[in-house]
Amino acid sequence: MKQAREQWTSKIGFILAAAGSAVGLGAVWRLPYVAGVNGGGAFFLIFLLFTLLLGSSLLLAEFIIGRKTQKDPISAFKELAPNSSWYMIGVLGVVSCCLILSFYAVVGGWIVTYLFRSIFGSLTGRSSGEYSELFASIISNPWEVGAAHLVFIIITILVVQKGIQKGIERASTIMMPLLFIIFLLLVVRAVTLDGAAEGISFFLSPDFSQVTGETVLFALGQAFFSLSLGVSIMITYSSYLSKQDSLIHSAGSVVGLSILIAFLAGLAIFPGVFAFGLQPDEGPSLIFTVLPAVFSEIAFGGLFLSLFLMLLLFATLTSAFSLLEIVVTTAAKNNKQRRKKAAWIAGLAVFLLGIPSNLSFGVLADWDVFGDTFFNQIDFLVSNILLPLGALLISIFVPLKMKKPELKHELLTGTSLHTRYFEVWYFLIKYVTPAAIVIAMLDLLGFL
Ligand code: PHE
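Given the structure is predicted, the values throughout are model-derived calculations rather than measurements.

**Q** Quick one: what's the story with the site of the ligand, residue by residue and with numbers?
**A** Taken together, 15 residues sit near the ligand, with G24, G26, S226, S228 and S319 positioned nearest. Every element with two or more residues in the shell around the ligand is listed here: α1 (11-22), α2 (25-37), α10 (213-226) and α14 (301-332). Across the shell around the ligand, the residue classes tally to 8 nonpolar, 7 polar and no charged.

The following block contains the structure:
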């Protein structure tokens, strides 16, 4: 029997869930360390530019496809371009999401461990250098991080199997605003640390002499990663959206929130890095060694650290939900019973896929996969190759396979905006986005 398709209960529920997917480790964990490795402020500025120009146009394109078809991504492409191979964009999305979740859940596990230690032990009150040692000792213990990794995946499965409204939407509506508030508190403390100025200027005054072709590609990948683009997630989420809502308003809120959190994350982290004499290019461990040190400088720091970790865990989970949701909805369509089974099978398979990433920091640290660790290679493959590729294909697909009046109708529904805005968007998606991605990729491959 065919069951009615679920919808978000409200527009704000959709925005928060989409922002929940967007805002996660990308802004809080990945952006600071990738910016740290790639020269700081200049990287951030290029990332901002890409997010505003290319990210927003692509987000709108994905919203249009999802809302128009109201289907899972593979079926959506099949409906819009029957008897062709375009549905492979959906397949690419599902595969990319499994790969992202495989390492995302590893970092999610680190947060689980930190949270556990911060509640039941104490994480604050050490000298700043000691946090690096602590982090190294935690992540090299396969049992502790393995168990935490599993806990993270199981929470994700439990929520996703319940479906859109009761699971994802309800959780996001509560957690996202709280995260924002605690972030503000953290930023206030970080920027008033002694020696914070150097960090602020590292983050906010761009030094373009550091910029290389690779920096640009990383910034592009980061822009797509942090808006969850190129992997059909936003197609999936907007497929649950009602026909009346304005896509532009929703996209604006999602982009705005994710930039805001990225900005706050940078302001919370870089002052601490410099104030405590740490290195900004430390890599994936950056926030785990800097933030506990910043919290140690705050009254009731231990308490706030626990609260922060809890919220960061929530932000990470809301992104993880979206990553698993796309796999589940593709496998189970609208069938509630199959959804449960699909969530467990897919979730546990992704857990297994993530084990080598998890061990990349301990037992497998010396395993050289084409010149880097397994963890870093999967992250690189996804963020700098698969996401831009997915984004490129979507930006080719939309103007090629969808009619202009149809696009215009979807884009302008629910707004009183002038047609001019549609034309700007159309230009960005048809010419600017594909051109920028192709240039960045050719550069990576050494052709430029
Ligand atoms: N946008 C998420 C983040 O920034 C990560 C993500 C990427 C989620 C791609 C879904 C798809 O943390």
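**Q** Give a description of helix α7 (residues 142-160) that names residues and reports values.
**A** With 19 residues, α7 extends 27 Å from end C-alpha to end C-alpha; this agrees with the ideal 27 Å at 1.5 Å per step. Among the residues making up α7, those that are buried are V145, A148, H149, F152, I153, T156, I157, V159 and V160.

**Q** Quick one: what's the story with unusual backbone geometry, residue by residue and with numbers?
**A** In this structure, Q70 is a non-glycine residue whose phi angle is positive, near 55°. Along the chain, Q70 turns up in the loop between α3 (41-69) and α4 (73-80). With 17 C-beta atoms packed within 10 Å, Q70 lands in the partly exposed category. Non-glycine residue S228 carries a positive phi angle of around 55°. With respect to the helices and strands, S228 occurs in the loop between α10 and α11 (233-238).

**Q** Which residues make up the environment of F361, and what values do they have?
**A** Here F361 is to be found in the loop between α15 (336-359) and α16 (374-401). Residue F361 is classed as buried on the basis of its C-beta count, with 22 C-beta atoms lying within 10 Å. C-alpha separation for the pair F361 and E62, spaced 299 residues apart in sequence, amounts to 35 Å. Look past the residues within four positions of F361 in its chain and what remains in contact with it is I139 and S140.

**Q** Please set out α10 residue by residue, giving values where relevant.
**A** The end-to-end C-alpha distance of α10, which contains 14 residues, comes to 20 Å, matching closely the 20 Å that a straight helix rising 1.5 Å per residue would cover. In terms of residue burial, α10 counts as a mostly covered element, since 12 of its 14 residues are buried. Among all positions of α10, only T215, V216, L217, F218, A219, L220, G221, Q222, A223, F224, F225 and S226 are buried. For α10, the secondary structure elements touched by its buried residues are α1, α2, α3, α12 (247-275), α16 and α18 (419-444). With its phi angle positive at about 55°, S228 sits one or two positions after the end of α10.

**Q** Residue-level account of the nonpolar core, with values.
**A** Of all hydrophobic cores here, the largest spans 153 residues; its most connected members are L59, L60, C97, L101, L220 and L324. With residues up to four places along the chain from it excluded, the contact list for L59 reads L227, L229, M234, A251, V254 and V255.

**Q** Could you give me a rundown of the packing of helix α5 (residues 88-120) against α14, with the residues and numbers involved?
**A** Relative orientation of the contacting elements α5 and α14 amounts to 160°, with a least axis distance of 9 Å. Taken together, the axes of α5 and α14 are roughly antiparallel relative to one another. Seen from above, α5 lies across α14 with left-handed handedness.

**Q** Residues and numbers for the packing of helix α13 (residues 286-296) against α14, please.
**A** In the contact formed by α13 and α14, the axes pass within 8 Å of each other and the chain directions differ by 140°. Classified by the angle between their axes, α13 and α14 sit oblique to one another. Both α13 and α14 take part in a crossing whose hand is right-handed. Residues P292, F295 and S296 of α13 touch α14, and the partners they reach there are G301, F304 and L305.

Cut-offs used in this document
- Residues numbered from 1 in each chain as written.
- Predicted model: local features only at pLDDT ≥ 70, side-chain atom pairs only at ≥ 80, totals over all residues.
- Near = placed C-beta within 6 Å.
- Helix = DSSP H or I, 4+ residues; strand = E, 2+ residues; numbered from the N terminus.
- Nonpolar A, V, L, I, M, F, W, Y, C, P; charged D, E, K, R; others polar.
- Expected span 1.5 Å × (residues − 1).
- Buried ≥ 20, exposed ≤ 12 C-beta atoms within 10 Å, placed from the backbone.
- Contact = placed C-beta atoms within 7 Å.
- Core = buried A, V, L, I, M, F, W, Y, C linked by C-beta atoms within 7 Å.
- Axes fitted to C-alpha atoms, helices over the stretch in contact; angles between N-to-C directions.
- Parallel < 35°, antiparallel > 145°, perpendicular 65-115°, else oblique.
- Left-handed = near helix turned anticlockwise from the far one by under 90°.

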